[in-house]
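# Results of the structural survey
Letter by letter, the chains look like this.
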Amino acid sequence: AQSVTQLGSHVSVSEGALVLLRCNYSSSVPPYLFWYVQYPNQGLQLLLKYTTGATLVKGINGFEAEFKKSETSFHLTKPSAHMSDAAEYFCAVWNTDKLIFGTGTRLQVFP
Amino acid sequence: DTAVSQTPKYLVTQMGNDKSIKCEQNLGHDTMYWYKQDSKKFLKIMFSYNNKELIINETVPNRFSPKSPDKAHLNLHINSLELGDSAVYFCASSQDSGQGTPLHFGNGTRLTVT
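## Some details on the sheet that holds strand β1 (residues 4–7) of chain B
Residues and elements named next belong to chain B. Spatial ordering of the open sheet is given by β1-β3-β8-β7, a layout of four strands whose pairing is antiparallel. What marks the edges here is a single partner per strand, and that holds for β1 and β7 (64–70). With direction set aside, neighbouring strand axes in the sheet form an average angle of 20°. Of the strand pairs in this sheet, β1 and strand β3 (residues 19–25) are connected by four bridges, and their pairing is antiparallel. Of the residues in β3, the one forming a bridge with V4 is Q25.

## Observations regarding the pattern of salt bridges
Within the structure shown, the criterion is met by seven salt bridges over all chains. Of the charged contacts, one joins K98 of chain A and D97 of chain A as a salt bridge, the two residues approaching to 3.3 Å between their closest N and O atoms. In this structure K98 of chain A comes out as buried when scored by relative accessible area, which is 14%. Taking relative accessible area as the criterion, D97 of chain A reaches 30% and is therefore assigned partly exposed. Residues joined by salt bridges that share partners form a network here, namely D97 and K98 of chain A together with E58 of chain B.

## Focus: unusual backbone geometry
All names here are of chain B. Cis geometry marks the peptide bond from T7 to P8, where omega comes out at -5°. Along the chain, P8 turns up in the loop between β1 and β2 (10–13). A positive phi is found at N51, a non-glycine position, where the angle reads about 50°. Tracing the backbone through its elements, the reader meets N51 in the loop between β5 (43–50) and β6 (53–57). Overall, N51 belongs to the partly exposed group, its relative accessible area being 37%.

## With respect to the state of the cysteines
Residues and elements named next belong to chain A. Overall, the coordinates contain two disulfides over all chains when judged by the stated rule. Between the sulfur of C23 and that of C91 lies a disulfide, 1.9 Å long from S to S. Looking along the S-S bond of the C23-C91 disulfide, the torsion reads about -60°, which is the left-handed sense. Here C91 lies in strand β9 (residues 87–95) and C23 lies in strand β3 (residues 19–26), a separation of 68 residues in the sequence. A single burial state applies to C23 and to C91, both of which are buried.

## Brief notes about the pairing of β6 of chain B
As paired strands, β5 of chain B and β6 of chain B are joined by four bridges and run antiparallel to one another. Following the sheet pairing, Y49 of chain B is matched in β6 of chain B by L54 of chain B.

## Brief notes about the packing of aromatic side chains
Residue and element names in this part refer to chain A. Taken as a whole and judged by the stated rule, the model has 15 aromatic pairs over all chains. Ring geometry for F34 against W94: centres 6.5 Å apart, planes inclined by 50°, an arrangement best described as tilted. A residue pair is termed long-range when its members are at least 10 positions apart, and F34 in strand β4 (residues 33–38) and W94 in strand β9 qualify at 60 residues. By relative accessible area, F34 is classed as buried at 0%. What makes W94 buried here is its relative accessible area of 0%.

## Some words on the sheet that holds strand β6 (residues 56–58) of chain A
Pairing between sheet strands relies on hydrogen bonds along the backbone, with the strands arranged either parallel or antiparallel. All names here are of chain A. Taken in spatial order, the five strands make up an open sheet running β1-β3-β8-β7-β6, and their pairing is antiparallel. Looking at the sheet topology across the chains shown, the edges are occupied by β1 (3–7) and β6. Here the strands of the sheet are splayed against their neighbours by 20° on average, with no regard to which way each runs. Both β3 and strand β8 (residues 73–78) contribute to a ladder of four bridges, which runs antiparallel. The residue of β8 that forms the bridge with L20 is T77.

About the cut-offs
Residues numbered from 1 in each chain as written. Chains lettered and ligands numbered in written order. Predicted model: local features only at pLDDT ≥ 70, side-chain atom pairs only at ≥ 80, totals over all residues. Heavy atoms only, no water. Pairing = 2+ DSSP bridges. Helix = DSSP H or I, 4+ residues; strand = E, 2+ residues; numbered from the N terminus. Axes fitted to C-alpha atoms, helices over the stretch in contact; angles between N-to-C directions. Salt bridge = Lys/Arg side-chain N within 4 Å of Asp/Glu carboxyl O. Buried < 20%, exposed > 50% of the residue type's maximum accessible area, 1.4 Å probe, protein only. Disulfide = S-S within 2.5 Å. Phe/Tyr/Trp six-rings, centres within 6.5 Å; stacked < 30°, edge-to-face > 60°.

Laid out in structure tokens, this is it:
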């Protein structure tokens, strides 16, 4: 069965600093991977997805993620954090017939 | 032009009561889901329907009964509410049930059982 592990339940960065949120996957078949963001009291919003093709995936709000098969990773990055990026971020993998989520990483951005 | 809408947004009730949450999507999607998010933000799938047919039932207590009157609606009825049912319930939809299809989420219903 496919699964994802998010390393670090909390990440804090200064405004303007690099954002790096880590996600590793476990899958016996080529995975379909997603990143979602959840702002306070809201639902989940799709940031980006990897299905096939280019391993560097660009998403909304300046985020991108790189699929690295050799490292079984799909880390989320953004070159320069903004205060509005503060939220909960979820990595997810499609497992047969359902989307399985990681435990989430809360991103705090300090001025 | 809300894509996936849930009602109510907040639900406070006492143990033993029965309550329902409604969900509607206007995206023309074939598949709809219910997820439960606990106090630690962990998201777990409960049910999914494809064209009104139940395709996933994730060992949820039978106090929870989903109903899909048509493919644009998926409701969740909960009988004999328990304290442990307190959570945020999210409805979602996707174009189909195929792998790699992204889900579109509603804004959630926060259920508090006292």
